[in-house]
Amino acid sequence: MYGQQRMGYWNQLAIVLGLVGGGLIVGSVIVLAVVFAIPGTNIETLFRDANNVGLVRILSLLNALVGFALPALAFAMIVNRKKPFVQLGATHSFNIRQVFFVVVIAFSAVYVGAMLAQVNELIPISKSLEKRFKAAQETYMNNVMAIANMRGFADYLITLVLIALLPAIAEELLFRSCLQPVMIGLTRHVFAGILISSILFSLMHFEYYGFLTRMFLGMLLGYIYYYSKSFWLNALAHFINNAIGVTQMYILSRQGKLNTAAMDDRFPWAVGIGATVLLLFLVARFKQESEKYNAEHPAPEPAIEDEIGKTTAGD
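Residues numbered from 1 in each chain as written. Predicted model: local features only at pLDDT ≥ 70, side-chain atom pairs only at ≥ 80, totals over all residues. Heavy atoms only, no water.

Chemist: Mind showing me how you'd approach the overall build of the protein here?
Modeler: Helices and strands together make up the secondary structure of the protein, namely 12 helices and zero strands. Walking the protein from its N terminus toward its C terminus, one meets helices and strands in the order α-α-α-α-α-α-α-α-α-α-α-α. Out of the 315 residues belonging to the protein, those deemed buried represent 47%. Excluding contacts between residues fewer than 6 apart, the proportion of contacts in the protein whose partners are at least 24 apart in sequence is 80%. Entry remark: accessible area of the protein is about 15,500 Å², with carbon and sulfur atoms responsible for 68%. (Helix = DSSP H or I, 4+ residues; strand = E, 2+ residues; numbered from the N terminus. Buried < 20%, exposed > 50% of the residue type's maximum accessible area, 1.4 Å probe, protein only. Contact = heavy atoms within 4.5 Å. Areas by Shrake-Rupley, 256 points an atom, 1.4 Å probe, with all protein chains shown as cover.)

Chemist: Just checking my understanding: could you explain empty space enclosed by the protein for this structure?
Modeler: Rolling a probe over the atoms, with the probe sized like a water molecule, indicates the empty space that remains. The tally for this structure, following the rule as stated, stands at two cavities of 30 Å³ or more. Taken as a whole, the second largest cavity spans an internal volume of roughly 40 Å³. Lining the second largest cavity we find Ala106, Ala109, Leu217, Leu220, Leu221, Ile224, Ala237 and Asn241. Put simply, the parts of the chain that give the lining of the second largest cavity at least two residues each are α5 (96–122), α9 (211–228) and α10 (231–254). Take the lining of the second largest cavity: its biggest share by element is four residues, from α9. (1 Å grid on protein atoms, 1.4 Å probe; cavity = no way out; pocket = protein on both sides within 12 Å on 5 of 7 lines; lining within 4 Å. Points joined across faces, edges and corners; volume = space filled by probe spheres on them.)

Chemist: It is not clear to me how unusual backbone geometry should be interpreted in this structure. Could you clarify?
Modeler: For residues other than glycine, phi is negative in most cases, and the peptide bonds are mostly trans. We note that Arg188 has phi near 60 degrees; this positive angle belongs to a residue other than glycine. One can find Arg188 in the loop between α7 (153–187) and α8 (190–203). For Lys229, which is not a glycine, the phi torsion comes out positive at approximately 65 degrees. You can see Lys229 is positioned in the loop between α9 and α10.

Chemist: Is there a simple way to explain the packing of aromatic side chains in this structure?
Modeler: How two aromatic rings sit relative to each other is given by the distance of their centres and the angle of their planes. Taken as a whole, this structure holds 12 aromatic pairs when the rule is applied. Where Tyr226 meets Tyr227, the ring centres are 5.6 Å apart and the plane angle is 55 degrees; that geometry is what we call tilted. The pair formed by Tyr226 and Tyr227 is uniform in burial state, with each residue classed as buried. Three or more aromatic residues joined by ring pairs make a cluster, and in this case those are Phe68, Phe175 and Phe201. Stacked on the ring of Phe201, the Lys or Arg Arg176 has its end atom at 4.6 Å from the ring centre. Taking the ring centre of Tyr226 as reference, the NZ or CZ of Lys229 above it sits at 5.9 Å. (Phe/Tyr/Trp six-rings, centres within 6.5 Å; stacked < 30°, edge-to-face > 60°. Lys NZ or Arg CZ within 6 Å of the ring centre and 35° of its normal.)

Chemist: Explain the layout of surface pockets to me, please; I cannot follow it from the model alone.
Modeler: Its boundaries defined by the atoms lining it, the second largest pocket holds a volume of some 390 Å³. Taken together, 17 residues make up the lining of the second largest pocket; nearest its centre are Phe216, Met219, Leu220, Tyr223 and Leu280. Within the residue set of the lining of the second largest pocket, elements represented by two or more residues are α5, α9 and α11 (269–296). The greatest single-element share of the lining of the second largest pocket, amounting to seven residues, is contributed by α9.

Chemist: Looking at this model, I keep getting lost on the nonpolar core. Mind explaining?
Modeler: Nonpolar side chains tend to gather and get buried jointly when the protein is soluble and globular. Ranked by size, the top nonpolar core spans 53 residues in total, and within it Val16, Ile105, Leu220, Ile224 and Phe286 carry the most contacts. When residues of this core are traced back to their parent elements, those giving at least two are α1 (9–37), α3 (53–79), α5, α7, α8, α9, α10 and α11. With 12 residues, α9 is the largest single contributor of residues to this core. Residues within four places of Ile105 in sequence aside, it is in contact with Leu220, Ile224, Leu279, Leu282, Val283 and Phe286. One finds Ala164, Val246, Met249 and Tyr250 within the second-largest nonpolar core, a separate group that totals nine residues. (Core = buried A, V, L, I, M, F, W, Y, C linked by side-chain atoms within 4.5 Å.)

Chemist: For this particular structure, what's the right way to read the pattern of salt bridges?
Modeler: Side-chain pairs of opposite charge can arise where the charged atoms are in close proximity. Using the criterion set out here, one finds four salt bridges in the structure. Glu289 is paired through a salt bridge with Arg97; the nearest N and O atoms lie 3.0 Å apart. Pair noted here: Glu289 is in helix α11 and Arg97 is in helix α5, with a separation of 192 residues, a long-range link. According to the relative accessible area criterion, Glu289 is buried, its value standing at 8%. When the shortest N-O distance is used, the salt bridge between Lys134 and Glu130 registers 3.0 Å. Here Lys134 and its partner Glu130 are both found in helix α6 (residues 127–147), four residues apart, which amounts to about one turn of the helix. (Salt bridge = Lys/Arg side-chain N within 4 Å of Asp/Glu carboxyl O.)

Chemist: What am I meant to see in the confidence of the model for the protein here?
Modeler: Mean pLDDT over the protein works out to 86, with 87% of the residues at or above the 70 mark. At the level of individual helices and strands, the protein shows its lowest average pLDDT in helix α12 (residues 304–312), which scores 40, and its highest in α9, which scores 97. For residues 302–315, every residue scores under 50 in pLDDT, and the model assigns this stretch 31 contacts once sequence neighbours within four places are set aside. (pLDDT = per-residue confidence, 0-100.)

Chemist: What is the right way to look at α11 in this model?
Modeler: For an α-helix the count is 3.6 residues per turn, leaving residues at separations of three or four pointing the same way. In this model, α11 (28 residues) spans 41 Å end to end at C-alpha, consistent with the 40 Å of a helix rising 1.5 Å per residue. Along α11, the residues that are buried comprise Gly272, Ala275, Leu279, Leu282, Val283, Phe286, Glu289, Ser290, Tyr293 and Asn294. At its buried positions, α11 is contacted by α5, α9 and α10. (Expected span 1.5 Å × (residues − 1).)

Written out as structure tokens, the structure reads:
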């Protein structure tokens, strides 16, 4: 996945950005075509009409697949035509102890992410920007809750697959399996490469008040991928993060309490700080377990990050 490359990293970056740009354009065209095909419907009414929930979920998923997953697969086939799934880190195995650490890490990260969301609110910005960002945040949350409007347990399971599982796989294929190795190769520094790809991951969501939380999540997922060399473990962590949000919305919707205020998770600062300390310990243990497993079960290809990490990783 980080193996020796015949193609320069700048060329790889140009290819992945071009593929993603093309995918997002195609996805947007498909969404607009569907909207225009429904009489009296626009983007706003599409999200607000409860009868369109299923359609909106499918369109959101389609946009993620066309904009992220397909470009990632195409990129892997271009860079490593003979072994595209090796390039994506989808063939390397892992053990049950790694899975255990990933699950606990994902749940601990919820509290750290909630603390960072509060930190994000404390960053001083102008009144005009604050008004604009809060309006965008409200629109985003309303759209999310419209997509996650669940009428029963079967609907909840469908939402888990369409909103939590498949988008997590699509995003991880692009940002961790494709973009992160390119950024590490360009910067020749593991931390810098993971940080840059995490910033891009957060910016992709176009949500100011969730920027620090998503950047943190991106870095956490990035190190899970970097240490384990297996795409499936960071995809699992991403799915759990998404599933926690979907489950929370399902419980609130069944109680008739689903609104933006109820979704605003706030914990005492001590909880967030304690979760941060626990998370650092868990990531360190996960790193040790992954290094031990990888020594016994080497990744399919030599990893260039091993060479980088000896001198500049700082991890």
